[in-house]
Structure formats: C-alpha cells, structure tokens
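Structural overview for review
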Amino acid sequence: MKIVVCMKQVPASSKVDIDPETGAMKRMSGETRTNPYDLFALETALQIREKVGGTVTVLTMGPPQAEEMMRDAYTMGADNAVILSDRKFAGADVLATSYALAQGIQVIGGADLIICGRQTTDGDTAQVGPAIAEHLTIPHAAWVAEIVDVNEKAIQVRQDLVSVSQISEIPYPCLLTIDKDTCVPRLPSYLLKKATADRPIRILSFEDMPDQDLSRYGLVGSPTSVERMFAPPEGEKQVYLEGGAKEKAEELFSILTGKKII
C-alpha cells in the first residue's frame with residue numbers, strides 16, 4: 001500500500017514576522033516545529049503500514065528549511081520524503097495549497113491512502129485535507145477518531161462529529177484527516193536517525209507540476225486573502241504578592257477589580 005502523509009512546519013511560538021504587503025507569515029523567520037496534529041497522522045500511517053505493509057511517504061510544501069521536519073519524520077519511521085519548494089508556491093491560501101499538494105501527489109505516482117492532520121495550528125482552517133481529496137476526486141473522511149479496521153481493499157474508520165459518531169468504510173484511494181486522540185505518536189529513534197542520515201529528500205518545484213497554469217498556485221492562485229494578520233500579544237506576566245494573608249487578599253482584589261475580572 002502506498003501511503004502519503006501531508007505535513008507542515010508551523011511557528012513554534014507567537015513571535016513571527018508578518019509581510020506588510022501580503023499579510024502572510026514569513027516562513028523563514030522564527031523557530032518552527034512540526035504541526036502537532038500531523039504527528040498523529042504520521043503515527044496512524046506507520047501503524048497501518050505495520051498491519052498491511054507498504055510504504056509511507058511524507059509530503060510538505062514550504063521553504064528548504066522543511067528538510068529538518070522531514071529528517072524527523074525519517075527518525076519516526078517514514079520511508080520517503082518530498083518537499084514542494086518554489087517561490088511560485090508562496091502566499092497560497094487553502095485552495096492553492098491543496099491544489100499544489102494534489103499535483104505533487106500525482107507527480108510521485110499517486111497514493112492508495114492519504115492521511116492529514118485534522119488542522120494546523122497556524123491556519124486552523126481544517127480544510128486543506130478535504131480540498132486535496134476534492135482535487136483528486138477521491139472519497140474522504142474528516143475528524144477521524146479511530147481506525148476500526150484496515151485491509152487491502154478498504155479502510156473502516158470512526159468519525160466523531162459535532163453531535164454524532166459514525167463508522168464508515170471507504171475504498172481506496174481515499175483521504176483521511178486524523179484527530180489528536182486517535183493514537184500516541186512514537187518517539188524518534190536514534191538508530192533510525194543514524195540509518196537515514198544520508199537518505200535523500202526529493203525536492204519538487206513548479207516546473208515538476210503536471211499543471212503548468214501559474215494562476216492555480218501561490219498568491220496568484222489564491223482567491224481568498226487575510227485582511228489582517230498579527231502575532232498574538234504576549235501573555236500576562238506573573239505577579240508576586242507580598243505581605244500577610246489579609247494584605248495579599250486586598251491587593252489581589254484590587255488587581256482583579258482593576259482588570260474588571262470581578
């Protein structure tokens with residue numbers, strides 16, 4: 001079975017730079033980490049591979065620094081890694097991002113099963129996974145909470161939706177978005193880190209895409225835009241109160257009333 005896991009690097013903190021012209025985050029600025037939800041997607045893929053065999057390929061779209069995330073995926077057990085990296089992909093919204101990823105999946109020979117995290121911690125749209133499925137015209141199931149059964153022809157999943165829980169059986173090829181309670185991501189392996197140190201990471205650019213219509217990619221191919229984007233304000237700092245219990249209580253009351261909390 002060919003399994004593709006879509007992953008993304010996200011800011012590791014609220015300290016990010018915003019492009020004043022496009023309103024987009026500067027992906028090369030600040031520390032990054034693997035989107036937490038994508039770790040559950042990768043673990044799900046590895047467990048499915050253990051049951052039915054096959055390969056797990058991790059796919060991302062981003063700057064060259066995404067190689068660090070792909071190396072981490074190798075240490076968890078991924079077989080292959082592919083990065084879509086081109087300035088023409090920059091500034092993409094949900095539609096353009098999902099289209100580029102769908103094109104990339106076609107370039108690497110397609111997939112029987114595509115797995116995405118439920119959402120990313122920077123965009124929070126939870127739409128890229130289902131949009132990839134729509135571009136590829138394959139069935140999909142979002143908010144998957146459990147892999148009930150898997151075989152060589154179909155996969156059975158449980159979805160926890162807003163007010164109902166349902167079990168669906170989906171034939172391949174298909175796409176799933178995985179919730180965070182599905183499994184526990186494994187720790188990176190030092191032995192795998194050494195074994196995969198020289199394993200290549202495939203880089204795909206715009207020229208590699210089957211569809212060379214530039215109006216489908218990046219900022220140019222994005223019909224939506226963010227009106228305003230800004231880093232969240234820093235959290236409240238700790239306040240230490242001195243004195244006896246009565247003095248501390250009075251000062252605490254003064255602080256809370258001043259902030260109109262009480």
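Residues numbered from 1 in each chain as written. Predicted model: local features only at pLDDT ≥ 70, side-chain atom pairs only at ≥ 80, totals over all residues. Heavy atoms only, no water.

Identification of the protein chain as Electron transfer flavoprotein small subunit from Blautia faecicola is taken from an unreviewed UniProt entry.

Topic: the overall build of the protein chain
Each helix and strand in the protein chain was counted, giving 6 helices and 11 strands. Dimensions along the principal axes, computed over C-alpha positions, put the protein chain at roughly 70 × 45 × 45 Å. Considering the protein chain as a whole, with its 262 residues, one finds that 42% of them fall into the buried category. Of the roughly 14800 Å² that the protein chain leaves accessible, carbon and sulfur atoms contribute 53%. Charge centroids of the protein chain, computed over 27 positive and 36 negative side chains, lie 3 Å from each other. (Helix = DSSP H or I, 4+ residues; strand = E, 2+ residues; numbered from the N terminus. Buried < 20%, exposed > 50% of the residue type's maximum accessible area, 1.4 Å probe, protein only. Areas by Shrake-Rupley, 256 points an atom, 1.4 Å probe, with all protein chains shown as cover. Lys, Arg positive; Asp, Glu negative; His and termini not counted. Charge placed at Lys NZ, Arg CZ, Asp CG, Glu CD.)

Points about the pattern of salt bridges
The tally for this structure, following the rule as stated, stands at 11 salt bridges. For Glu50, the salt bridge is made with Arg186, and the minimal N-O distance between the two is 3.1 Å. Of this pair, Glu50 sits in helix α1 (residues 36-52) while Arg186 sits in the loop between β10 (174-178) and α5 (190-195), placing them 136 residues apart in sequence. (Salt bridge = Lys/Arg side-chain N within 4 Å of Asp/Glu carboxyl O.)

Here's the deal with a nonpolar patch on the surface
Where nonpolar side chains cluster on the molecular surface, the patch consists of Trp143, Leu161 and Val164 and spans about 250 Å² of accessible area. Relative to the helices and strands, Leu161 is located in the loop between β8 (154-160) and β9 (165-171). On the basis of relative accessible area, Leu161 is assigned to the partly exposed category, the value being 35%. (Patch = residues over 30% accessible without salt bridge, like charges linked within 9 Å, V, L, I, M, F, W, Y side chains within 5 Å.)

With respect to helix α4 (residues 128-136)
Among the residues making up α4, those that are buried are Gly129, Pro130, Ala131, Ile132, Ala133 and Leu136. Against the buried residues of α4 lie β1 (2-6), α3 (94-107), β6 (113-117), β7 (140-150) and β10. (Contact = heavy atoms within 4.5 Å.)

Description of unusual backbone geometry
Residue Tyr172 is joined to Pro173 through a cis peptide bond whose omega torsion reads -5°. By the element assignment, Pro173 lies in the loop between β9 and β10. Within the chain, Trp143 stands out as a residue other than glycine whose phi angle is a positive 55°. Inspection of the secondary structure assignment puts Trp143 in strand β7. Judged by its relative accessible area of 35%, Trp143 falls in the partly exposed class. Positive phi, close to 60°, is recorded for Lys260, a residue that is not glycine. Position of Lys260 relative to the elements: it lies in the segment after α6 (245-258).

So, the nonpolar core
Note on soluble globular proteins: their nonpolar side chains tend to be buried together. Core analysis: the biggest nonpolar cluster contains 35 residues, and Val5, Leu42, Val58, Ile155 and Leu176 have the highest contact counts within it. Looking at this core, the element that brings in the most residues is α1, giving 6 residues. In this structure Leu42 touches Val5, Met7, Val56, Val58, Ala73, Met76 and Ala78, once residues within four positions along its chain are discounted. With 25 residues, the next largest nonpolar core counts Met61, Ala100, Ile108 and Ile138 among its residues. (Core = buried A, V, L, I, M, F, W, Y, C linked by side-chain atoms within 4.5 Å.)

Some remarks on the side chain of Ser85
Mapping Ser85 onto the fold places it in the loop between β5 (80-84) and α3. Only 3.0 Å separates the side chain of Ser85 from the backbone oxygen of Gly62, close enough to count as a polar contact. Leaving out residues up to four positions away in the same chain, Ser85 has contacts with Gly62, Pro63, Pro64, Ile203, Leu204 and Ser205. (Polar contact = N/O pair within 3.5 Å; in protein donor to acceptor, adjacent residues only side chain to side chain.)

Here's the deal with the packing of aromatic side chains
All chains considered together, the criterion is met by 3 aromatic pairs. An angle of 45° between the planes, with centres 5.8 Å apart, marks the rings of Phe89 and Tyr217 as tilted. In this pair, Phe89 is assigned in the loop between β5 and α3 and Tyr217 in the loop between β11 (202-204) and α6, connecting sequence segments 128 residues apart. With respect to burial, Phe89 and Tyr217 carry one shared label: buried. (Phe/Tyr/Trp six-rings, centres within 6.5 Å; stacked < 30°, edge-to-face > 60°.)

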